[in-house]
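Per-entry structural report
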Amino acid sequence: MSDKAQQIAKLNDELRTTFNPSAGKVVLSQGVYCLPAQDKVKIFELVQNFNDFSENNDPYGEHDIGSVDHNGNKVFWKIDYYDTNLEYHSEDPADPNKTNRVMTIILANEY
């Protein structure tokens, strides 16, 4: 894995594991948003604790996408990289000064 990919993975892991607003934004699909609070809390825990990265689901080593199962439902999460104005793709996702991360959590049946 390249140094750049390692830096991107580190930044992505920070957002995914902490949901810290200084690391990026977390947005929920309508389906996740409408779930009961206890289901959302459990999904958040599953996403934050996800660590099953492999060549098959993380070929670039950036830790930017994954899925978890909750109550028989598959839930996807994906981190996208935007410029500082949240208008365009970031020119350098490894540079936190040039990148706003947005993690979307969505039910698979909404995809």
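Quick caveat: nothing in here was measured; it's all calculated off a predicted structure.

Moving on to the overall build of the protein. Of regular secondary structure, the protein possesses three helices and four strands. For 111 residues, the compact-globule estimate of 2.2 N^0.38 gives 13 Å, and the protein sits close to it at 14 Å. By its C-alpha atoms, the protein is 35 × 30 × 25 Å across when sized along the principal axes. A burial count over the protein gives 41% of its 111 residues as buried.

Of the volumes computed, that of the largest pocket is approximately 170 Å³. Around the largest pocket, the lining residues are Leu11, Glu14, Pro21, Ser22, Ala23, Gly24, Lys25, Leu86, Pro96, Thr99, Asn100 and Arg101. Listed by contribution, the elements that provide at least two residues to the lining of the largest pocket are α1 (3-18) and β4 (100-107). Taken together, the residues that form the lining of the largest pocket break down as five nonpolar, four polar and three charged.

Core analysis: the largest hydrophobic core is formed by 18 residues, its most contacted members being Val47, Val75, Trp77, Ile79, Met103 and Ile105. When contributions to this core are tallied by element, the ones reaching two or more residues are α1, α3 (37-49), β3 (73-82) and β4. No other element matches the four residues that β3 contributes to this core. The residues contacting Val47, other than those within four sequence positions of it, are Arg16, Phe19, Val68, Trp77, Met103 and Ile105.

Take the pattern of salt bridges next. For the coordinates displayed, the defined rule picks out six salt bridges. For Lys74, the salt bridge is made with Asp69, and the minimal N-O distance between the two is 3.3 Å. A salt bridge links Asp80 to Lys78; its shortest N-O distance comes to 3.4 Å. Judged by relative accessible area, which is 26%, Asp80 ranks as partly exposed. Looking at Lys78, the relative accessible area reads 28%, which means it is partly exposed.

What follows concerns the pairing of β3. Judged from the six bridges that link them, strand β2 (residues 65-70) and β3 form a sheet pairing that is antiparallel. Note on β3: the bridge partner recorded for Ile65 is Lys78. Two successive antiparallel strands, β2 and β3, enclose a turn made up of two residues, where Asn71 displays a positive phi of approximately 50°. One ladder, built from eight bridges, connects β3 with β4; its direction is antiparallel. Across the sheet, Tyr81 pairs through a bridge with Arg101, a residue of β4.

Cut-offs and rules
Every chain is numbered independently, its residues counted from 1 as its sequence is written. Residues qualify for local features only when their pLDDT is at least 70, as the model is predicted, and side-chain atom pairs are given and counted only at 80 or more; totals for whole chains, interfaces and linings, by contrast, use all residues. Heavy atoms throughout the structure, all of them, feed into the side-chain values; hydrogens and water do not. Each helix corresponds to a stretch of at least 4 residues labelled H or I by DSSP, and each strand to a stretch of at least 2 residues labelled E; elements are numbered beginning at the N terminus. A radius of gyration in this sense is built from C-alpha atoms; the matching globule rule multiplies 2.2 Å by the number of residues raised to 0.38. Buried residues are those whose accessible area, probed at 1.4 Å on protein chains only, stays under 20% of the maximum for their type, while exposed residues exceed 50% and partly exposed ones sit between those limits. Definitions used for this entry: grid spacing 1 Å over protein atoms alone; cavity, a set of points where a 1.4 Å probe fits but cannot get out; pocket, an open set with protein on both sides within 12 Å along at least 5 of 7 lines; lining residue, one with an atom within 4 Å of a point. Grid points are joined across faces, edges and corners, and a volume is the space filled by probe spheres set on the points. Ten residue types, Ala, Val, Leu, Ile, Met, Phe, Trp, Tyr, Cys and Pro, are classed as nonpolar, four, Asp, Glu, Lys and Arg, as charged, and the remainder, Gly among them, as polar. Within this scheme, the nonpolar core is defined by two criteria: the residues are buried Ala, Val, Leu, Ile, Met, Phe, Trp, Tyr or Cys, and they are joined through side-chain atoms within 4.5 Å. Should any heavy atoms of two residues lie within 4.5 Å, those residues are counted as being in contact. Take a side-chain nitrogen of Lys or Arg and a carboxyl oxygen of Asp or Glu: if they are within 4 Å of each other, that pair is a salt bridge. Any two strands between which DSSP finds at least two bridges are classified as paired.

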